[in-house]
Amino acid sequence: MKILHTSDWHLGQNFMGKSREEEHRAFFQWLIELINNKKIDVLIVAGDIFDTGTPPNYALELYYNFLKNINQSYCKNVVIVGGNHDSVATLKAPRELLKILDINVIASGEEDEESIIKIYKDKRLQGVVCAVPFLRDSVVRRSFGGLTSEQKERALNDGIKGYYENIYKRALDVVGGKDVPIIATGHLTTVGSKSSESEREIYIGNVLNISSDFLTKMFDYVALGHLHLNQKVGEGQVWYSGSPMPLSFSEADSKKMVNIVTFEGKKAAVERVEIPCFRELLVLKGDKKSIKKDLEQINDKSVWIEIYLKDDNPHATTQELFEYANGLGLSILAIKVDRKESPFFAEDLRVDTLDELKPIDVFMKRLEMDEIADDELKERLVSHFKVVLSEVEEQ
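Since this is a predicted model, take the numbers as computed values, not measurements.

1. Quick word on helix α2 (residues 57-71)
Helix length check: α2 (15 residues) gives 21 Å between terminal C-alpha atoms against 21 Å at 1.5 Å per residue, within 8%. Listed in full, the buried residues belonging to α2 are Y58, A59, L60, L62, Y63, F66, L67 and I70.

Structure follows, in structure tokens:
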């Protein structure tokens, strides 16, 4: 049995005012070809199919067209789980229709969803997928009432661990002692994993004590989503596939991959397949003269550029560089003053756009403006804000 593990598509992402539609379309075409060439039996998408809970129409069209094409491919088993960016309602709406096409969508992990997916080939059981999505607070614990921040975090940890232990026990009953693998999915941050700037906190406190050791004691392969860098966590087969394209300039130099997992009995062999770069993100650093020289060397006009500028008069130079790049047919999406190189000009820094900030960043900046000296008060305010943020994002 061969599984292809991918995640964090973020369809509909607005990247500093730019659409990723062309890149996603090219990625889907490449993915279908890979599935057919490698004879993939099961496709697992580990969350964050969409970038927002209300994706634009073109993103929905891309999603449904891909599912139609995958149904006509070699792969006959598809497991899609929701991520923290996804709307449960959006994923659930076509669920019954997609089930007819052997496309299993698990949006929330609530009891009305069949989270244990049996994989058959030639009428023989090949494996079982415990399809665990991003587990919202309402699924793993009842209420925050009367609990301290530390107690809430502990309750969350216990709730998530209990969910995985329960679904594993159910999967054992389905397997019935057969020598077939039990695979789990998830959308969360595990202990020891590496993140990039484009992920946001998905749980209050962002302190989960879910380790790879806990998961590998139960499952033969764990297909995770949420972190955008392809990586193995711990000693067992716990993997993040990462996003198929860089979702921020901090990921510009990272190689994007999908995992192909081949099972012989319960033993998993993982092959990482590099995804072609459908649009380069380029970070340039230097003064005005060196930046202009670097811009002149760029042949690919589709590249998106971020600049860290070292300059005594950043405002005037910024406008000059935008106009210079435009004359070369290039797109600069952001120019920032290099803070490390030019601390004296901190007051002249270009203001960050909301596209570059997370809600918690904005809140922390507000606290700085208010000059709150009481550290304990500041900590309580941050904790309360994260509770409100978590509730809003869940809604």
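2. Regarding the packing of helix α8 (residues 288-296) against helix α9 (residues 314-327)
Each packed pair of helices is defined by two parameters, the angle between the axes and the distance between the axes. At a minimum axis distance of 11 Å, the contact between α8 and α9 shows a crossing angle of 15 degrees. What the angle tells us is that α8 and α9 run roughly parallel. Seen from above, α8 lies across α9 with right-handed handedness. In contact with K288, I291, K292, L295 and E296 of α8, α9 contributes T317, E320, L321, Y324 and A325. Here the residues of the contact of α8 with α9 are counted per class, giving five nonpolar, one polar and four charged.

3. Comments concerning α8
Taken together, the buried positions of α8 are I291, K292 and L295. Buried residues of α8 fall within an arc of 100 degrees about the axis and therefore sit on the same side. Along α8, exposed side chains directed more than 90 degrees from the buried face belong to K289 and K293. Turning to α8, the residues buried within the fold contact β15 (281-286), β16 (304-309), α9 and β17 (331-337).

4. Examining the pairing of strand β7 (residues 116-121)
Successive residues of a regular strand alternate their side chains across the two faces of the sheet. Note that β7 and strand β8 (residues 124-130) share six bridges and pair antiparallel. Counterpart to K118 in the pairing with β8 is V128. A loop of two residues connects β7 with β8, the two strands running antiparallel in sequence, and D122 in this loop sits at a positive phi of about 55 degrees.

5. Points about the sheet that holds strand β10 (residues 221-225)
Within a sheet, adjacent strands bond to each other through the backbone by hydrogen bonds, running parallel or antiparallel. Read from one edge to the other, the open sheet built from six strands follows the order β7-β8-β9-β10-β12-β11, with strand pairing classed as mixed. Two strands bound the open sheet, and with one partner strand each, they are β7 and β11 (231-232). The pairing of strand β9 (residues 182-187) with β10 spans five bridges and is parallel. Its bridge partner lying in β10, T185 is registered against A223.

6. Some thoughts on the nonpolar core
Nonpolar side chains in soluble globular proteins generally cluster together in the buried interior. Grouped together as the largest cluster of nonpolar side chains are 35 residues, with contacts concentrated most on L4, W9, L43, Y63, F66, I70 and I80. Among the secondary structure elements, those contributing two or more residues to this core are α1 (21-38), β4 (42-46), α2, β5 (77-81), β6 (103-106) and β13 (257-264). Look past the residues within four positions of L4 in its chain and what remains in contact with it is L31, L34, I35, I40, V42, L43, I44, V258, N259 and I260. Counting residues in hydrophobic clusters, the runner-up holds 30 residues, among them L125, I167, Y168 and A171.

7. Points about the side chain of S115
Looking at the element boundaries, S115 is found in the loop between β6 and β7. What S115 contacts, discounting residues up to four positions off in sequence, is I106, G109, V129, C130, A131, Y163 and I167.

8. Focus: unusual backbone geometry
Of note in the backbone geometry, M16 takes a positive phi value of approximately 50 degrees without being a glycine. Summarising the element assignment, M16 is placed in the loop between β2 (14-15) and β3 (18-19). Given the relative accessible area of 22%, M16 is considered partly exposed. Although it is not a glycine, H226 adopts a positive phi angle of roughly 110 degrees. Looking at the secondary structure, you find H226 in the loop between β10 and β11. Residue class for H226 comes out buried when judged on its relative accessible area of 3%.

9. Some points on the sheet that holds β17
With respect to topology, three strands assemble into an open sheet ordered β15-β16-β17, the strand pairing being parallel. Strand pairing shows two members of the sheet lacking a second neighbour, β15 and β17, which therefore form its edges. Strand after strand, the sheet turns through a mean of 20 degrees between neighbouring axes, direction not considered. Bridge analysis of β15 against β16 gives six bridges, and the strand direction is parallel. Looking at β16, one finds that V283 is bridged to E306. Relative to the sheet, α8 contacts β15, β16 and β17, its axis offset from that of β15 by approximately 150 degrees.

Rules used in this analysis
Residues numbered from 1 in each chain as written. Predicted model: local features only at pLDDT ≥ 70, side-chain atom pairs only at ≥ 80, totals over all residues. Heavy atoms only, no water. Helix = DSSP H or I, 4+ residues; strand = E, 2+ residues; numbered from the N terminus. Expected span 1.5 Å × (residues − 1). Buried < 20%, exposed > 50% of the residue type's maximum accessible area, 1.4 Å probe, protein only. Axes fitted to C-alpha atoms, helices over the stretch in contact; angles between N-to-C directions. Parallel < 35°, antiparallel > 145°, perpendicular 65-115°, else oblique. Left-handed = near helix turned anticlockwise from the far one by under 90°. Contact = heavy atoms within 4.5 Å. Nonpolar A, V, L, I, M, F, W, Y, C, P; charged D, E, K, R; others polar. Arc of directions from axis to C-beta. Pairing = 2+ DSSP bridges. Core = buried A, V, L, I, M, F, W, Y, C linked by side-chain atoms within 4.5 Å.

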